Amino acid sequence: QVQLVESGGGLVQPGGSPRLSCVLSGLPLDYYAIGWFRQAPGKEREGISCIRNSDDTTPYRDSVKGRFTISRDDDKNTVFLQMNSLKPEDTTVYYCAIKIYVVASDETGCPPLWQYDYWGQGTQVTVSA
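Described below are features of the structure shown in this document. From a predicted model like this one, the values you see are computed outputs, not experimental measurements. (Residues numbered from 1 in each chain as written. Predicted model: local features only at pLDDT ≥ 70, side-chain atom pairs only at ≥ 80, totals over all residues. Heavy atoms only, no water.)

## Concerning the nonpolar core
Among the nonpolar cores identified, the biggest contains 23 residues, and Trp36, Leu81 and Tyr94 are the most heavily contacted of them. Mapped by element, the contributors of at least two residues to this core are β3 (19-25), β4 (31-39), β5 (46-52), β6 (68-73), β7 (78-83), β8 (92-101) and β10 (123-127). With 6 residues, the next largest nonpolar core counts Phe37, Val93, Tyr95 and Tyr116 among its residues. (Core = buried A, V, L, I, M, F, W, Y, C linked by side-chain atoms within 4.5 Å. Buried < 20%, exposed > 50% of the residue type's maximum accessible area, 1.4 Å probe, protein only. Helix = DSSP H or I, 4+ residues; strand = E, 2+ residues; numbered from the N terminus.)

Below, the structure is given as structure tokens:
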């Protein structure tokens, strides 16, 4: 019932600032968290950031702090990942995912990867001159 679709990837020059979108369907849900992840072929999937519909806390992985910003537009059922000052090492597939809570959560950090319930198909971001 829940579906997530990423978009906004593509070829970007170093220093570029694309914005990724994650459009959610199957809403509304009572409580949930949306996470952004990235995974290069043959490497582990890593969390970038997350955002909840119940608060404004948005933790970030150290490698993207100050460069990436997660936000949401509830009217459009969309979560964004603004990516600034891209580096070649940012090249990978970016995914969004949703964790659905059955009750309200007081978590302040991001859920672990295995707790997410649904995933998008990913969008490729390639940073190259």
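Following the structure, the description resumes.
## Brief notes about the sheet that holds β6
Pairing within the open sheet is antiparallel, and its 4 strands lie in the order β1-β3-β7-β6. Either end of the sheet is taken by a strand with one partner, and the two such strands are β1 (3-7) and β6. Direction aside, the axes of adjacent strands within the sheet are offset by 15 degrees on average. Alignment of β1 against β3, held across 5 bridges, turns out to be antiparallel. (Pairing = 2+ DSSP bridges. Axes fitted to C-alpha atoms, helices over the stretch in contact; angles between N-to-C directions.)

## Thoughts on the packing of aromatic side chains
Tallied over the full model, the rule gives 3 aromatic pairs. On the basis of an interplanar angle of 85 degrees and a centroid distance of 4.9 Å, the ring pair of Phe37 and Tyr116 is categorised as edge-to-face. With Phe37 in strand β4 and Tyr116 in the loop between β8 and β9 (118-119), this residue pair connects regions lying 79 residues apart in the sequence. A relative accessible area of 6% places Tyr116 in the buried class. Through a chain of ring-to-ring contacts, the aromatic side chains of Phe37, Tyr116 and Trp119 assemble into a single cluster. The ring of Phe80 is capped by Arg19, whose NZ or CZ atom sits 4.1 Å from the centre of that ring. (Phe/Tyr/Trp six-rings, centres within 6.5 Å; stacked < 30°, edge-to-face > 60°. Lys NZ or Arg CZ within 6 Å of the ring centre and 35° of its normal.)

## Let's talk about the pattern of salt bridges
Within this structure, the stated rule accounts for 7 salt bridges. Glu46 serves as the salt-bridge partner of Arg61, at 3.8 Å between the closest nitrogen and oxygen. A residue pair is termed long-range when its members are at least 10 positions apart, and Arg61 in the loop between β5 and β6 and Glu46 in strand β5 qualify at 15 residues. Where salt bridges share partners, they join Arg38, Glu46, Arg61, Arg67 and Asp90 into one cluster. (Salt bridge = Lys/Arg side-chain N within 4 Å of Asp/Glu carboxyl O.)

## Considering the state of the cysteines
Tallying each qualifying case throughout the model produces 2 disulfides. One disulfide bridge connects Cys22 with Cys96, the sulfur atoms lying 2.0 Å from each other. On the S-S bond that ties Cys22 to Cys96, the torsion sits near 75 degrees, and the link is right-handed. Of the two residues, Cys22 sits in strand β3 while Cys96 sits in strand β8, which places them 74 residues apart along the sequence. Since its relative accessible area comes to 0%, Cys22 is described here as buried. Residue Cys50 pairs covalently with Cys110 via a disulfide, S to S 2.0 Å. With the S-S dihedral at roughly -100 degrees, the linkage between Cys50 and Cys110 falls on the left-handed side. With Cys50 in strand β5 and Cys110 in the loop between β8 and β9, the pair connects residues that are 60 residues apart, well separated along the chain. Overall, Cys50 belongs to the buried group, its relative accessible area being 0%. Counting only the cysteines that take part in disulfides, in the order they occur along the protein chain, gives the pairing 1-3, 2-4. (Disulfide = S-S within 2.5 Å.)

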